[in-house]
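Each chain, written out:
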Amino acid sequence: MSRTLQLTLLFIAPLAVLVGVLAAKGVFPVRDGGYEYVVRFDLPGANAPVDLPRVDGPPDASRPLVVIDAGHGGFDPGAGGGALKEKAVALQIALALREKLLAGGGLRVALTRDADRFIALADRPDIARRLNADLFVSIHADSADADSARGASVYVLSEKGSSQAAERFAERENGADRVNGVRLSRTSAQVGAILLDLSQRGTQAKSTQAAGLLLRELGDAGVGMHRDRPEAAALAVLKAPDIPSILFETGYINNPDDAKVLGSRQGQQALADAAARAIRAYFARNAGV
Ligand code: ZN
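Throughout what follows, the structure given in this document is the object of discussion.

Description of the overall build of the chain
- Looking only at helices and strands, one finds 8 helices and 9 strands in the chain.
- Within the span of the chain, comprising 289 residues, buried residues form 46% of the whole.
- Carbon and sulfur atoms make up 52% of the accessible area of the chain, which amounts to about 14200 Å² in all.

Some remarks on the packing of helix α7 (residues 256-263) against helix α8 (residues 265-285)
- Interhelical geometry of α7 versus α8 gives an angle of 80° and a closest axis separation of 4 Å. Taken as axis vectors, α7 and α8 run roughly perpendicular relative to one another. Where α7 abuts α8, its residues V261, L262 and G263 lie against R265, G267, Q268 and L271.
- Residue composition of the contact of α7 with α8, by class: 3 nonpolar, 3 polar and 1 charged.

Here we look at the pairing of strand β3 (residues 108-111)
- Alternating positions in β3 separate into two faces, R108 and A110 on one and V109 and L111 on the other, with burial throughout.
- Here 2 bridges tie strand β1 (residues 55-56) to β3, and the two strands are oriented antiparallel to one another. By the bridge assignment for β3, V55 is matched with A110.
- Pairing geometry for strand β2 (residues 65-70) and β3, over 4 bridges, is parallel. Looking across to β3, one finds that V67 is bridged to A110.

A few points about the environment of S162
- Structurally, S162 is set in the loop between β5 (153-157) and α4 (164-175).
- A polar atom in the side chain of S162 sits 2.5 Å from the side chain of E231.

Remarks on the packing of helix α2 (residues 86-104) against α8
- In contact at an axis separation of 8 Å, α2 and α8 are set at 45° when each is read in the N-to-C sense. Considering their axes alone, α2 and α8 lie oblique with respect to each other. The interaxial crossing formed by α2 with α8 has right-handed handedness. Touching Q92, I93, A96, L97, K100, L101 and G104 of α2 are Q268, Q269, L271, A272, D273, A275, A276, I279 and R280, all from α8.
- Among the residues forming the contact of α2 with α8, the class breakdown is 9 nonpolar, 4 polar and 3 charged.

A word on the coordination of the zinc ion
- All of the protein donors around the zinc ion are H72 (NE2), E86 (OE), H140 (ND1), E173 (OE) and E173 (OE); their distances to the metal are 2.0 to 2.3 Å.
- Between consecutive donor residues of the zinc ion, the sequence gaps follow H-x13-E-x53-H-x32-E. Remark: H140 occurs in strand β4 (residues 135-142) and E86 occurs in helix α2; sequence separation between them is 54 residues. Accessibility assignment for this pair places E86 and H140 in one class, buried.

Thoughts on the nonpolar core
- By size, the foremost hydrophobic cluster in this structure holds 44 residues, and its most contacted members are I68, L97, L101, L218, F248 and I279.
- Elements represented by at least two residues in this core include exactly β2, α2, β3, β4, β5, α6 (203-220), β9 (245-252) and α8.
- Ranked by residues supplied to this core, first place goes to α8 with 10 residues.
- Each residue touching L97, except ones within four places of it in the same chain, is listed here: I68, I139, A272, A275, A276 and I279.
- Within the second largest apolar cluster, 23 residues are counted, among which are V50, L65, L238 and I243.

Procedures and definitions
Residues numbered from 1 in each chain as written. Predicted model: local features only at pLDDT ≥ 70, side-chain atom pairs only at ≥ 80, totals over all residues. Heavy atoms only, no water. Helix = DSSP H or I, 4+ residues; strand = E, 2+ residues; numbered from the N terminus. Buried < 20%, exposed > 50% of the residue type's maximum accessible area, 1.4 Å probe, protein only. Areas by Shrake-Rupley, 256 points an atom, 1.4 Å probe, with all protein chains shown as cover. Axes fitted to C-alpha atoms, helices over the stretch in contact; angles between N-to-C directions. Parallel < 35°, antiparallel > 145°, perpendicular 65-115°, else oblique. Contact = heavy atoms within 4.5 Å. Nonpolar A, V, L, I, M, F, W, Y, C, P; charged D, E, K, R; others polar. Pairing = 2+ DSSP bridges. Polar contact = N/O pair within 3.5 Å; in protein donor to acceptor, adjacent residues only side chain to side chain. Left-handed = near helix turned anticlockwise from the far one by under 90°. Donors = N, O, S within 2.8 Å, 3.2 Å for Na, K, Ca; no water. Core = buried A, V, L, I, M, F, W, Y, C linked by side-chain atoms within 4.5 Å.

Structure follows, in structure tokens:
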């Protein structure tokens, strides 16, 4: 069964049961408050791996491979209550970044999604692992209660958030994987064990290095910055134990100034440019990865 079909069934099944229950109630009226209904259904094919995306660039497996992950997608819009949606902004920046990396040559690039479709959180780093990627970059935007919050941040994985705001951000992002409380990922949140693994393999140091390079490029590009140091949080999407991974939070979608940048082609290009330069600098420093 295709994944789209599985997900469609996942949403149609409870609806069908509800319609059935309401119909039954119409036929056999019950006294008020007489019944509670519990609907149970198995998540279909939860262990089936998602299809691997296309790898662009030189047909040479020794070339570094960057997996770019546009956050959210499909029924999960991400942040943004108005016309501008995080899932669309992330995809536009991811597509622009792929174009820039390929134009520069020498690197291979794959996108976890290149269209408006849903991918479970755990499947995203899993795609990078199965492709044997050298770097994983997840692209997101944020929103905050106060529209004064603005600017870009870069996150690496951590058991505990580097600030309360970072912890809340991780809660929001990890929540993308739940639909009506049903968790769609297969892996549990055991960040502690993964971090130990990361430090043993030196992956965490490389993630922090990549995050630092991206912040430097963003600063040089004059893109508004929320934090000028890498943030850390228990982000489910960064849990590939053997692949340096960063989350690029490109700005606050509910801040009017940021929304102008995030929603415009010019702004998206500037963010993608900074990321492309940072990724090149990262591979220049880690020759032979
Ligand atoms: Zn997001």
